[in-house]
Amino acid sequence: MVAKIGEQIKLLMRGTAEVYTADELSDRFGAAARAGRQLRIKLGLDPTSPDIHLGHTVVLRKMRQFQDLGHKAVLIIGDYTARIGDPSGQDTTRPMLSDEQIEENAKTYFAQAGKILDTSEEKLEVRYNGEWLADLQLADIIKLTASMTVARMLERDTFEIRHKKGDSIGIHEFLYPLMQGYDSVMVKSDVELGGTDQTFNNLVGRNLQRLDGQKPQIVMVMPILVGLDGTEKMSKSKGNYIGVTDEPGDMFGKVMSISDDMMENYFTLLTDVRPEKIAELTNPAMTHPKEAKVFLAKTIVTQFHNEKAAEQAAAEFEKVFAKGQLPDDMTEVVMPADTIMASKLLLKCGLVASGGEAKRMIKQSAVSINGNKISDPNAEIVPTDGMVVQVGKRKFARLKVK
């Protein structure tokens with residue numbers, strides 16, 4: 001049993017940034033094995049946006065490893081904490097979301113998380129923290145806040161930075177770590193997972209459990225996945241993300257756009273490829289970087305779609321980007337032959353999300369029509385049958401004139 005537990009701990013430790021503490025994790029595993037009980041592995045997700053991207057899947061994949069070892073995932077949808085908004089990594093106060101926004105976003109979370117997690121009843125428990133947070137009385141909240149000092153709260157990097165700059169910090173933001181920590185008390189978690197930006201919140205959970213007479217949870221934090229820009233954390237708001245619901249071609253193309261030195265991080269955090277194989281793939285003397293990146297892109301697309309979709313995406317990528325040909329599968333947009341401004345044409349084709357983005361892409365020389373670059377957002381375009389509009393390297397539309 002000792003050897004088996006050691007192997008399991010080694011697997012779980014892979015890719016982690018920090019564990020509080022590894023010895024406790026090993027002891028808790030041994031005790032659970034002897035008692036024949038499942039450990040409860042907690043992860044909280046606030047539905048502050050409707051989509052989950054690959055950055056979120058880093059911790060979801062770690063949670064799946066626990067499930068595969070026989071333990072129970074406790075996924076907490078933070079419908080109540082989302083009303084505050086997690087201040088982690090924020091240099092300003094987050095806007096508070098409406099009930100309607102939260103409900104709409106929460107609807108998609110379970111389906112998307114289910115692409116990674118085992119959703120069987122014996123392996124997954126889904127809770128909404130409004131179940132207990134909504135019922136707290138003022139006396140309960142006062143008791144909760146008494147467990148934390150202002151000095152301790154200001155040790156948190158984002159609060160400390162804002163305090164030193166003289167920027168405002170809402171009292172409600174101080175409540176967030178306490179609310180997340182209280183979740184751990186209510187679900188009696190054995191292990192809480194999170195990114196490195198969640199370390200403070202997760203350790204608050206340990207403290208609250210200890211004060212409640214529970215055995216404090218082990219905190220396991222994962223590195224933050226760097227976005228496609230190679231500098232900042234993956235984020236939808238920064239536009240540097242790969243969504244778990246992205247189409248195979250888009251997903252493949254986005255993975256191929258990462259820099260060579262990011263591959264080891266992506267292989268380690270987003271795949272099950274063995275460490276020795278990763279070392280081989282990321283060594284230019286042993287594997288050409290393009291070949292390694294294609295392997296990475298296929299692996300990721302296969303996880304969220306299937307092997308056939310990954311092979312098709314790879315073939316299409318090779319055709320379009322390596323050979324400079326047009327993609328076979330191109331969105332067809334029906335429109336009249338009336339003259340239209342270039343920026344409005346991009347919107348009409350659904351190739352950009354806003355007029356501002358359209359103008360920005362044109363000014364960046366990222367837009368071409370029938371293979372010719374355009375530089376003026378106000379240029380007048382006369383649509384013709386079969387005209388091909390391209391934005392960036394991966395977005396195409398073919399016009400069909402009425």
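The paragraphs below set out a description of the structure included in this document. Being a predicted model, the structure only gives us computed values, none of them experimental.

## Some thoughts on the overall build of the chain
Stage number 1. Of the regular secondary structure elements, the chain holds 17 helices and 13 strands.
Stage number 2. Expressed along its principal axes, the backbone C-alpha trace of the chain runs to roughly 75 × 50 × 40 Å.
Stage number 3. A buried classification covers 48% of the 402 residues belonging to the chain.
Stage number 4. Taking all contacts inside the chain whose residues are at least 6 apart in sequence as the whole, residues at least 24 apart take part in 71%.
Stage number 5. Within the structure as shown, the chain displays about 19800 Å² of accessible surface, and the carbon and sulfur contribution to it stands at 51%.

## Some points on helix H14 (residues 289-304)
The α-helix winds at 3.6 residues per turn, so residues separated by three or four positions along the chain end up facing the same way.
Stage number 1. Taking 1.5 Å per residue as the helical rise, H14 with its 16 residues ought to reach 22 Å, and the 23 Å between its terminal C-alpha atoms agrees with that figure.
Stage number 2. Restricting attention to buried positions, one finds in H14 the residues Ala 292, Lys 293, Leu 296, Ala 297, Thr 299, Ile 300, Val 301 and Phe 304.

## Brief notes about the packing of helix H11 (residues 248-256) against H14
Stage number 1. Running from N to C, H11 and H14 point in directions that differ by 145 degrees, and their axes come no closer than 9 Å. Along this stretch, H11 crosses H14, giving a crossing that reads as right-handed. In this structure, H11 uses Pro 248, Met 251, Phe 252, Val 255 and Met 256 to contact H14, whose residues at the interface are Lys 290, Lys 293, Val 294, Leu 296, Ala 297, Lys 298, Ile 300, Val 301 and Phe 304.

## Regarding empty space enclosed by the protein
Where empty space is left becomes clear once a probe the size of a water molecule has been rolled over the atoms.
Stage number 1. Throughout the structure, instances matching the rule amount to 1 cavity of 30 Å³ or more.
Stage number 2. A volume near 90 Å³ is recorded for the largest cavity.
Stage number 3. Lining the largest cavity, in full, are Arg 14, Gly 15, Val 58, Arg 61, Lys 62, Gln 65, Met 222, Thr 268, Leu 269, Thr 271 and Asp 272.
Stage number 4. Elements with a minimum of two residues in the lining of the largest cavity: helix H3 (54-68) and helix H12 (263-270).

## Section: the packing of helix H6 (residues 138-145) against helix H9 (residues 171-187)
Stage number 1. Across the interface, H6 lies against H9 with an axial gap of 10 Å and an inter-helix angle of 100 degrees. Judged by the inter-axis angle, H6 sits roughly perpendicular to H9. Where H6 approaches H9, its residues Ile 141, Leu 144 and Thr 145 are matched on the opposing element by Leu 175, Leu 178 and Tyr 182.
Stage number 2. In terms of residue class, the contact of H6 with H9 is made up of 5 nonpolar, 1 polar and no charged.

## With respect to the layout of surface pockets
Stage number 1. When its volume is computed, the largest pocket comes out at roughly 1600 Å³.
Stage number 2. Along the wall of the largest pocket there are 45 residues; nearest its centre are Gly 249, Asp 250, Lys 254, Arg 394 and Lys 395.
Stage number 3. Among the elements of the structure, H11, helix H15 (307-322), helix H17 (355-363) and strand S13 (395-401) are those that each provide at least two residues to the lining of the largest pocket.
Stage number 4. When residues in the lining of the largest pocket are grouped by element, the largest group, 7 residues, is from H15.
Stage number 5. Of the residues assigned to the lining of the largest pocket, the class counts are 19 nonpolar, 12 polar and 14 charged.

## What to know about the sheet that holds strand S12 (residues 388-391)
Strands pair in a sheet through their backbones, by hydrogen bonds, and they do so in one of two ways: parallel or antiparallel.
Stage number 1. Strands sit in the order S7-S13-S12-S9-S10 across an open sheet of 5 strands; the sheet is mixed. Among the strands making up the open sheet, the edge pair consists of strand S7 (331-335) and strand S10 (372-373).
Stage number 2. In the sheet, strand S9 (residues 367-369) pairs with S12 via 3 bridges, with the strands oriented antiparallel. Residue Ser 368 lies in a different strand from S12, and its bridge partner there is Gln 390.

## Notes on the side chain of Thr 287
Stage number 1. In this fold, Thr 287 is placed in the loop between helix H13 (275-281) and H14.
Stage number 2. Polar contacts involving the side chain of Thr 287 include one to the main-chain carbonyl oxygen of Glu 280, which spans 2.9 Å.
Stage number 3. Thr 287 has contacts with Glu 280, Leu 281 and Ala 292, leaving out every residue within four places of it along the chain.

## Thoughts on the side chain of Lys 293
Stage number 1. Structurally, the position occupied by Lys 293 is in helix H14.
Stage number 2. You can call Lys 293 buried: its relative accessible area is 7%.
Stage number 3. Within polar-contact distance, the side chain of Lys 293 engages the side chain of Asp 260 at 2.9 Å.
Stage number 4. Excluding its chain neighbours within four sequence positions, the residues that come into contact with Lys 293 are Val 255, Met 256, Ile 258, Ser 259, Asp 260 and Met 263.

## A look at the packing of aromatic side chains
Stage number 1. Inspection of the entire model under this criterion finds 3 aromatic pairs.
Stage number 2. Seen in terms of ring centroids, Phe 267 and Phe 295 are 6.2 Å apart; in terms of plane orientation they differ by 35 degrees. Their pairing is tilted. Placement of the pair is Phe 267 in helix H12 and Phe 295 in helix H14, with a sequence separation of 28 residues.
Stage number 3. The positively charged end of Lys 254 is found above the aromatic ring belonging to Tyr 241, 4.9 Å away from the centroid.

## Notes on the nonpolar core
Stage number 1. By size, the foremost hydrophobic cluster in this structure holds 61 residues, and its most contacted members are Leu 54, Phe 66 and Tyr 266.
Stage number 2. If we ignore the near neighbours within four places in the chain, the residues touching Phe 66 are Leu 12, Leu 25, Phe 29, Ile 41, His 71, Val 191, Leu 193 and Met 220.
Stage number 3. Counting residues in each nonpolar core, the second largest holds 22 residues, with Leu 346, Leu 351, Ala 366 and Val 391 among its members.

## Remarks on the pattern of salt bridges
Stage number 1. If you walk through the whole model with that rule in mind, you get 17 salt bridges.
Stage number 2. Linking Glu 125 and Arg 127 is a salt bridge whose minimum nitrogen-to-oxygen distance equals 2.9 Å.
Stage number 3. Since its relative accessible area comes to 17%, Glu 125 is described here as buried.
Stage number 4. Between Lys 254 and Asp 246 there is a salt bridge, with its nearest N and O atoms 2.9 Å apart. Here the two residues Lys 254 and Asp 246 agree in accessibility, since each one is buried.

## Remarks on the environment of Leu 133
Stage number 1. Mapped onto the elements, Leu 133 comes out in helix H5 (residues 130-133).
Stage number 2. The class for Leu 133 is buried, based on a relative accessible area of 5%.
Stage number 3. Along the sequence, Leu 133 and Pro 216 sit 83 residues apart, while their C-alpha atoms lie 20 Å from each other.

What counts, and at which threshold
Residues numbered from 1 in each chain as written. Predicted model: local features only at pLDDT ≥ 70, side-chain atom pairs only at ≥ 80, totals over all residues. Heavy atoms only, no water. Helix = DSSP H or I, 4+ residues; strand = E, 2+ residues; numbered from the N terminus. Buried < 20%, exposed > 50% of the residue type's maximum accessible area, 1.4 Å probe, protein only. Contact = heavy atoms within 4.5 Å. Areas by Shrake-Rupley, 256 points an atom, 1.4 Å probe, with all protein chains shown as cover. Expected span 1.5 Å × (residues − 1). Axes fitted to C-alpha atoms, helices over the stretch in contact; angles between N-to-C directions. Left-handed = near helix turned anticlockwise from the far one by under 90°. 1 Å grid on protein atoms, 1.4 Å probe; cavity = no way out; pocket = protein on both sides within 12 Å on 5 of 7 lines; lining within 4 Å. Points joined across faces, edges and corners; volume = space filled by probe spheres on them. Parallel < 35°, antiparallel > 145°, perpendicular 65-115°, else oblique. Nonpolar A, V, L, I, M, F, W, Y, C, P; charged D, E, K, R; others polar. Pairing = 2+ DSSP bridges. Polar contact = N/O pair within 3.5 Å; in protein donor to acceptor, adjacent residues only side chain to side chain. Phe/Tyr/Trp six-rings, centres within 6.5 Å; stacked < 30°, edge-to-face > 60°. Lys NZ or Arg CZ within 6 Å of the ring centre and 35° of its normal. Core = buried A, V, L, I, M, F, W, Y, C linked by side-chain atoms within 4.5 Å. Salt bridge = Lys/Arg side-chain N within 4 Å of Asp/Glu carboxyl O.

What is shown is where atoms sit, not what they do.
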